[in-house]
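An overview of the molecular structure
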Amino acid sequence: MTFYAKSIDLSEGDHQKTLEEHEKDILNCADSFFAEYGYCFTGVEKELVRFACNIHDWGKANSIFQKIVTHDSDNSVRQIPHGFLSAISVSRSQIKKIIPELTDDMLEALITAVYHHHTRNDNYSDNDIIDYAKRYYFENLKEYLANDGAKPKEIEVENIKLKSSNISKLLFRNNGRNSGFMGSEKWNIYLLIKGLLNKFDYSVSAGYINSEISPDMEDKKLCKSIEDKIGSKNLREAQKFMKSHCGQNLIITAPTGSGKTEAALLWLNGEKGFYTLPLKVSSNAIYSRVKDGYDFKDTALLHSDAIQKYMEECGDEIQGIYERNERARLLSYPLTVCTIDQLFKFVYRALGTEILAATLKYSKLIIDEIQAYEPRVLASIIIGLKTIHEIGGRFAVITATFPPILKDFMKEYGLTDGKDYVFSDFAAKSEAIRHNVEVRQKNDMDFDEIVIAGETKKVLVICNTVSRAQDIYSKLQEKSENVYLLHARYIRQDRNMLEKMIMDFSAAPDMTGIWVTTQIVEASLDIDFDILYTEMCTADSLLQRMGRCNRRERYFPKEPNIIVYDAKDENGKVFVYDKDIYDRSMLYLEKYTLKPFTEAEKKDYIDKVYNTNEIKDSGYYKEIEKCLKILKEIYPAEYSKKEADEAFRKIQSITVMPDSIYDANIKVIEEVENNYKIDERLKEKIRDLTLSLNCYYGKYPPNVDRESISEKSILNEIHRTSLKYEFDTEKGKGRGLLLNEIENEVMIF
């Protein structure tokens with residue numbers, strides 16, 4: 001009997017791969033991988049992973065599965081997932097012959113990885129699994145193994161028995177029951193086996209021979225390109241330090257505009273790496289900087305809108321778009337630029353996220369601007385870095401500010417300065433003087449002053465909320481035509497246009513005018529304005545905002561170039577930010593106003609605001625503490641992969657299309673509705689016409705349809721909204737989506 005690995009449409013003339021062929025392909029993929037990255041793994045780790053690759057699909061030999069893949073079944077029999085069957089197909093003694101160093105922890109991790117290599121609900125009793133195996137699987141397994149050229153020679157067919165006791169050795173089951181807390185040592189073995197098994201399986205199933213695109217370790221093209229551009233003799237101190245400490249975990253603080261990005265890329269030293277940032281816009285900017293600015297083409301972009309970037313690069317080459325996006329999602333590129341949520345979901349111990357941790361074992365991880373994250377994400381990063389360190393991966397945190405509270409929490413959770421990482425502060429050592437701060441207590445901006453400044457300077461205005469930014473923009477528009485607005489409440493194509501416009505505006509030496517924005521310009525966006533007017537925020541965010549002004553130290557600030565407005569309302573309420581940290585940020589800022597603000601003083605300012613002993617009663621501290629405790633106590637499979645994604649992002653959102661946009665693009669929408677197959681280009685055209693709105697307390701925003709536009713693919717994710725949308729694509733101007741107005745009438749909520 002011929003045993004097949006999967007079902008295909010034979011009418012298209014494709015070859016139906018046999019189970020043995022699939023097994024051999026995965027083993028070859030594993031062998032190719034270890035030839036490249038074997039130095040990152042012990043001998044027993046490689047043997048465990050390879051053995052899992054060997055046996056993980058044996059369960060497909062069951063007769064019900066074979067009938068399904070050969071289209072010879074009425075599906076009348078409830079099928080047991082094939083991973084469950086594979087896991088009971090070998091005994092400890094058989095594995096011990098192949099892996100002499102096998103321990104109880106290794107055995108349990110191995111069996112669990114095979115059992116759960118696909119995410120399946122486990123609502124079966126032990127008897128259900130064994131009875132099914134006896135009736136539909138055992139005899140087929142012996143027949144398959146008798147002719148299996150990939151089977152380990154130590155496995156003797158005549159000694160094959162079903163090992164029901166293996167079920168009791170599982171570390172956990174995906175049945176909604178609390179399996180109890182599991183220590184990191186045992187869990188990390190499981191992460192490695194399951195993660196790499198998935199990586200090789202997914203790669204081969206997608207049609208790729210190798211799971212990795214060859215790294216840059218021999219040629220070190222990226223390092224050479226950076227040094228050629230900067231000049232190896234002109235490297236800054238942080239860049240020299242990271243280059244010479246490329247084998248260590250690092251936390252580096254350096255001022256904005258001081259070359260931290262290049263320092264981190266030199267630290268990679270040609271090894272496989274991931275460069276993470278808080279926002280998609282900053283990820284796009286770094287991706288372009290590396291891929292085009294330093295001509296390192298083996299760079300991938302990974303976030304929810306990455307495929308749009310690939311479409312810009314590949315044009316009409318659908319296969320090229322699809323392959324680049326797929327390989328990025330398989331984590332195959334030598335360097336991947338991504339948002340943090342794409343990697344750190346493994347801290348929720350959800351099935352399907354193990355590949356993330358396993359890949360980070362043999363990679364280097366860069367975290368840019370760690371202080372930009374909210375407490376829940378900071379807790380995830382701390383737990384994630386601990387796991388990465390334990391399994392053998394390496395990390396570098398590069399940031400303009402590193403609040404002492406983060407160092408203290410890292411120490412509490414097993415990451416100690418001088419032992420587990422090296423901390424070096426280049427910010428305090430910097431002699432750069434770029435800022436002079438003035439604080440104005442009343443939150444009423446002087447629009448005439450801003451307009452006059454915009455006639456001869458590049459002026460940046462940063463607001464804490466979109467609604468406030470829209471209001472400020474409208475008032476400035478009454479006084480000047482040279483005013484632009486950027487926030488997150490534009491449809492995607494308009495937001496992309498505005499992001500490019502602000503970058504071009506910043507880069508053009510002779511352009512002057514005013515840009516009103518929100519926090520989206522804070523992190524790693526390489527813009528440089530002459531003067532900043534900003535609402536007060538927390539100290540870390542304030543310093544990030546200041547980094548968008550006089551970034552390249554073009555002038556000495558004799559007069560204030562950072563104008564800060566107290567953002568409290570008439571009742572003393574603060575929106576967006578933790579009130580305790582906001583108040584401390586405002587209190588300690590007074591000392592540094594109306595005079596040049598040095599980089600050493602900025603460090604002193606951050607240290608005072610985030611003094612651990614003084615903020616233990618703050619909501620900020622308590623939220624980090626609470627989230628760390630939750631993550632530490634999570635049991636395996638408590639979260640699904642989708643739930644982990646939602647938990648990481650926390651804010652629930654809904655994708656909407658304004659009615660005016662729907663009406664103007666009805667032909668594109670009808671094209672989707674009338675086509676059976678929809679390619680990625682058409683899907684991206686539709687996504688370009690949408691934006692996300694937050695759902696507070698799980699409720700739909702007002703004036704948004706509860707039903708999606710259509711049941712058709714892509715449209716079933718989108719809801720129409722009658723809220724007014726304002727944007728002139730020719731002028732690049734408009735307020736975007738207005739939450740207090742609907743089309744053709746005004747409505748105050």
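Residues numbered from 1 in each chain as written. Predicted model: local features only at pLDDT ≥ 70, side-chain atom pairs only at ≥ 80, totals over all residues. Heavy atoms only, no water.

1. Focus on the pairing of strand β11 (residues 513–517)
- With five of five residues buried, β11 lies mostly within the body of the structure.
- Covered by surrounding structure in β11 are G513, W515 and T517 together with I514 and V516, the residues of both alternating faces.
- Across five bridges, the pairing between strand β9 (residues 458–462) and β11 is parallel. From the neighbouring strand, V459 faces β11, where its bridge partner is I514.
- In this region the chain leaves strand β10 (residues 483–486), passes through helix α21 (residues 492–507) and returns to the parallel neighbour β11; the handedness of that crossover is right-handed. (Buried < 20%, exposed > 50% of the residue type's maximum accessible area, 1.4 Å probe, protein only. Helix = DSSP H or I, 4+ residues; strand = E, 2+ residues; numbered from the N terminus. Pairing = 2+ DSSP bridges. Right-handed = clockwise from strand over helix to strand, strands pointing away.)

2. Comments concerning the sheet that holds strand β14 (residues 596–598)
- Within the open sheet, the seven strands sit side by side as β10-β11-β9-β12-β13-β8-β14. Their pairing is mixed. Among the strands making up the open sheet, the edge pair consists of β10 and β14. Averaged over all adjacent pairs, the angle separating strand axes in this sheet is 25 degrees, with direction ignored.
- Sheet topology places β10 next to β11; four bridges connect them, and they run parallel. Residue pairing in the sheet places L486 in a bridge with T517 of β11. (Axes fitted to C-alpha atoms, helices over the stretch in contact; angles between N-to-C directions.)

3. A short note on helix α7 (residues 126–146)
- The sharpest bend along α7 reaches about 55 degrees and sits at K134.
- When α7 is considered as a whole, its buried residues turn out to be I129, I130, Y132, A133, Y136, Y137, F138, N140, L141, Y144 and L145. (Bend = angle between axes of the 7 residues up to and from the residue.)

4. A few points about the packing of helix α28 (residues 666–673) against helix α29 (residues 680–687)
- At a minimum axis distance of 10 Å, the contact between α28 and α29 shows a crossing angle of 140 degrees. When the axes of α28 and α29 are compared, the pair comes out oblique. Seen along the crossing, α28 lies across α29 with a hand that is left-handed. Along its contact with α28, which presents V668, I669, E671 and V672, the element α29 presents L682, K685 and I686. (Parallel < 35°, antiparallel > 145°, perpendicular 65-115°, else oblique. Left-handed = near helix turned anticlockwise from the far one by under 90°. Contact = heavy atoms within 4.5 Å.)

5. A closer look at the environment of G619
- Examined against the element boundaries, G619 turns out to sit in helix α25 (residues 619–633).
- As for G619 and V466, which are separated by 153 residues in sequence, their C-alpha atoms are 24 Å apart.
- With residues near it in sequence (within four places) discarded, G619 still touches D578 and D580.

6. A look at the sheet that holds strand β6 (residues 394–399)
- With parallel pairing, the seven strands of this open sheet are ordered in space as β3-β4-β2-β5-β6-β1-β7. Whereas interior strands pair on both sides, the edge strands pair on one side only; in this sheet they are β3 (299–302) and β7 (422–425). Going across the sheet, the axis of each strand differs from the next one's by a mean of 15 degrees, ignoring polarity.

7. Quick look at the packing of aromatic side chains
- Inspection of every chain in the model, using the stated rule, returns 30 aromatic pairs.
- Ring plane angle 70 degrees and centroid distance 5.2 Å describe the contact between F33 and F34, whose orientation is recorded as edge-to-face. The pair F33 / F34 is uniform in exposure class, with both members buried.
- Measuring from ring centre to ring centre gives 4.8 Å for F33 and Y362, while their planes differ by 75 degrees; the resulting arrangement is edge-to-face. With a gap of 329 residues between them, F33 in helix α1 (residues 19–37) and Y362 in the loop between α16 (354–361) and β5 (364–368) connect regions that are remote in the sequence. There is no split in this pair, since F33 and Y362 are both buried.
- Ring pairing ties together the aromatic residues F33, F34, Y37, F41, F200 and Y362, which thus form one cluster.
- Across the ring face of Y208, the terminal group of R327 is positioned such that the distance to the ring centre comes to 4.2 Å.
- Positioned above the aromatic ring of F505, the side-chain terminus of K458 is 4.5 Å from the ring centre. (Phe/Tyr/Trp six-rings, centres within 6.5 Å; stacked < 30°, edge-to-face > 60°. Lys NZ or Arg CZ within 6 Å of the ring centre and 35° of its normal.)

8. Quick look at the nonpolar core
- One finds L196, F344, L365, L385, V461, V516 and Y605 to be the most contacted residues of the largest nonpolar core, which totals 209 residues.
- Residue contacts for F344: discarding those within four places in its chain leaves L365, I367, S380, I381, G384, L385, I388 and F648. (Core = buried A, V, L, I, M, F, W, Y, C linked by side-chain atoms within 4.5 Å.)

9. Structural notes on the state of the cysteines
- Under the criterion given, the structure shown has zero disulfides.
- No disulfide involves C223; its nearest neighbouring cysteine sulfur is the one of C246, lying 8.4 Å away.
- Here C223 falls in the buried class, since its relative accessible area comes to 8%.
- Counting only cysteine sulfurs, C463 is the nearest neighbor of C537, a cysteine outside any disulfide, at a range of 11 Å. (Disulfide = S-S within 2.5 Å.)

10. Observations regarding unusual backbone geometry
- Backbone geometry places K220, a non-glycine residue, at a positive phi of 50 degrees.
- By the element assignment, K220 lies in the loop between α9 (184–205) and α10 (221–230).
- Even without being glycine, D295 reaches a positive phi, approximately 55 degrees.
- With respect to the secondary-structure elements, D295 resides in the loop between α13 (280–293) and β3.
- According to the relative accessible area criterion, D295 is exposed, its value standing at 53%.

11. As for the side chain of E271
- By secondary structure assignment, the location of E271 is in the loop between α12 (260–268) and β2 (273–277).
- Exposure remark for E271: the relative accessible area of 12% places this residue in the buried category.
- When neighbours within four sequence positions are excluded, E271 is seen to be in contact with Y39, M217, P334, K364 and R394.

12. Description of the pattern of salt bridges
- Enumeration over the complete set of coordinates arrives at 67 salt bridges.
- Here K407 ties to D417 by a salt bridge, and the two come within 3.5 Å at their closest N and O atoms. Here K407, found in helix α18 (residues 404–412), pairs with D417, found in the loop between α18 and β7; they are 10 residues apart in sequence, far enough to count as distant.
- The partly exposed category is assigned to K407, whose relative accessible area is 24%.
- The network of salt bridges with common partners includes K280, D305, R492, E684, R687 and D688. (Salt bridge = Lys/Arg side-chain N within 4 Å of Asp/Glu carboxyl O.)

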